[in-house]
Amino acid sequence: MSLRTRTLVFSTFFGSILAIGLLLVSLTTNSWVKAYPKRTNAPQSKGEVSYGLFYGTKDLNPGFGVRSHSVDVYTFMQTEQQPMNFWLWLITALGTGFGLLSCAISAIAAVFKAASAAKKPGTMLVLFASNISSALSQVLAFICWLVQFFQYLQHNVLAIEDRRHNWYSHGLASLGYSFYLVVVSTLVVFLNITILFHARRREKREVRHLQPPSEEKHQSAIMLY
């Protein structure tokens, strides 16, 4: 493998590291969905709710002071009346986590492949498999979260107790930046896959150019001579 082809492969290492960073921030921040609830009988009331995949915060101000609460998303799903779909949440979390793991594998494989001038099809296979599985996992994760949002969260992000006190969030929720980080990470991984396909084509051309002429061509050349 030529130096230029190895450089192409090694560039996917930086893409994988970028994707890992984006996914880590996405998993550890509480902004998969944001909402700004209001109270029907208090025009001066305002609130802010931010949920991540695992934890969130809820700040409600009925007009005479902010009441802040931390939220455990899993407990919130189990104790409230269908605020979210458990399976959609689980697939989103697992898809994002598996995408992170696959990106780590692809980063390691990129280093090994770029460091060796020898033709190692096994390493290239690992590179393709890890990047493709990461992309598919992330696509599945953000599709599930989109379904979760449009089916459940855009209508309500509040607990039963809050709704009893006339708080509502219907039409006041939006997707947060933590979700969009997964989308950007997926695009980075697709860019990695495109680079790998280009590197693979270059590697095949290099192998063909380095192959000695076949026996038939050699005999033909002798006869012509």
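What counts, and at which threshold
Residues numbered from 1 in each chain as written. Predicted model: local features only at pLDDT ≥ 70, side-chain atom pairs only at ≥ 80, totals over all residues. Heavy atoms only, no water. Helix = DSSP H or I, 4+ residues; strand = E, 2+ residues; numbered from the N terminus. Buried < 20%, exposed > 50% of the residue type's maximum accessible area, 1.4 Å probe, protein only. Contact = heavy atoms within 4.5 Å. Areas by Shrake-Rupley, 256 points an atom, 1.4 Å probe, with all protein chains shown as cover. UniProt positions renumbered as here; feature names shortened; annotations may be inferred. Pairing = 2+ DSSP bridges. Axes fitted to C-alpha atoms, helices over the stretch in contact; angles between N-to-C directions. Salt bridge = Lys/Arg side-chain N within 4 Å of Asp/Glu carboxyl O. Core = buried A, V, L, I, M, F, W, Y, C linked by side-chain atoms within 4.5 Å. Patch = residues over 30% accessible without salt bridge, like charges linked within 9 Å, V, L, I, M, F, W, Y side chains within 5 Å. Phe/Tyr/Trp six-rings, centres within 6.5 Å; stacked < 30°, edge-to-face > 60°.

Q: How would you sum up the overall build of the chain? Please name residues and give values.
A: Helix and strand counts for the chain stand at seven helices and seven strands. N-terminal to C-terminal, the α/β element order of the chain is α-β-β-β-β-β-α-α-α-α-β-β-α-α. By residue count, 44% of the 225 residues in the chain fall in the buried class. Long-range contacts, defined here as pairs at least 24 residues apart, represent 67% of the contacts in the chain between residues at least 6 apart. Surface exposure of the chain reaches about 12400 Å², of which carbon and sulfur atoms provide 65%.

Q: Would you mind going over the environment of threonine 96 in detail, with residue names and values included?
A: The residue threonine 96 is located in helix H3 (residues 86-115) in this model. Separated by 44 residues in the primary sequence, threonine 96 and leucine 140 have C-alpha atoms spaced 8.6 Å apart. Those residues within four positions of threonine 96 in sequence are excluded, and the remaining contacts are Leu23, Leu27, Trp32, Leu53, Ala141 and Val182.

Q: Got a sec to walk through the UniProt feature "transmembrane region" (unreviewed entry) in the chain? Specific residues and values, please.
A: Taken from the UniProt record, the annotation "transmembrane region" (unreviewed entry) applies to residues 7-27, 86-112, 124-148 and 177-199. Secondary structure within residues 7-27 divides into 100% helix and 0% strand; the distance between the first and last C-alpha atoms comes to 31 Å. Annotation note: span residues 177-199, helix share 100%, strand share 0%, distance between end C-alpha atoms 33 Å.

Q: Kindly report on unusual backbone geometry, identifying the contributing residues and their values.
A: Notably, asparagine 166 is not glycine yet its phi reads approximately 70°, a positive angle. By secondary structure assignment, the location of asparagine 166 is in the loop between helix H5 (160-164) and strand S6 (167-168).

Q: Quick one: what's the story with the sheet that holds strand S5 (residues 67-72), residue by residue and with numbers?
A: One open sheet holds the five strands; their spatial order is S5-S4-S3-S1-S7, and the pairing between them is antiparallel. Of all the strands in the sheet, the pair left with one neighbour each is S5 and strand S7 (173-175). If you compare each strand with its neighbour and ignore which way they point, the axes differ by 15° on average.

Q: So what's going on with the pattern of salt bridges? Residues and values would help.
A: This model, assessed by the stated rule, comprises three salt bridges. Measuring nitrogen to oxygen at the nearest pair gives 3.1 Å for the salt bridge that ties glutamate 48 to lysine 34. Placement of the pair is glutamate 48 in strand S3 (residues 46-51) and lysine 34 in strand S1 (residues 33-35), with a sequence separation of 14 residues. Residue classification places glutamate 48 among the partly exposed residues on the basis of a relative accessible area of 33%. Taking the relative accessible area as the measure of exposure, lysine 34 reaches 18% and is therefore buried.

Q: A description of the nonpolar core should follow, citing residues and the corresponding values.
A: Core analysis: the biggest nonpolar cluster contains 36 residues, and Met84 and Trp145 have the highest contact counts within it. Put simply, the parts of the chain that give this core at least two residues each are helix H1 (3-28), S1, S3, helix H2 (73-79), H3, helix H4 (121-153), S7 and helix H6 (177-210). Other than its neighbours up to four places away in sequence, methionine 84 contacts Val73, Phe76, Met77, Trp89, Trp145, Gln148, Tyr152 and Leu153.

Q: Which residues make up the side chain of threonine 186, and what are the values?
A: Here threonine 186 lies in helix H6. For threonine 186, a relative accessible area of 3% gives the class buried. Dropping the residues within four chain positions of it, threonine 186 is found in contact with Ala135, Gln138, Val139 and Phe142.

Q: Could you give an account of the side chain of asparagine 61, naming the residues involved and the relevant values?
A: With respect to the secondary-structure elements, asparagine 61 resides in strand S4 (residues 55-61). Apart from the residues lying within four places of it in its own chain, the contact partners of asparagine 61 are Ser45, Lys46, Val66 and Trp167.

Q: How would you summarise a nonpolar patch on the surface if you had to cite specific residues and measurements?
A: Residues Phe98, Leu101, Ile105 and Val126 make up a contiguous nonpolar surface patch of roughly 340 Å² in combined accessible area. Here the nonpolar patch takes three residues from H3, the largest share from any one element. Note that phenylalanine 98 resides in helix H3.

Q: With reference to specific residues and values, describe the packing of aromatic side chains.
A: Under the criterion given, the structure shown has 15 aromatic pairs. Look at phenylalanine 10 and phenylalanine 13: their rings are 5.4 Å apart centre to centre, the planes differ by 10°, and that puts the pair in the stacked class. Separated by three residues within a single helix, phenylalanine 10 and phenylalanine 13 lie in helix H1, roughly one turn from each other. With a relative accessible area of 31%, phenylalanine 10 lands in the partly exposed category. Between the aromatic rings of phenylalanine 13 and phenylalanine 14, the centroid separation amounts to 5.4 Å while the plane-to-plane angle is 75°, which identifies the pairing as edge-to-face.

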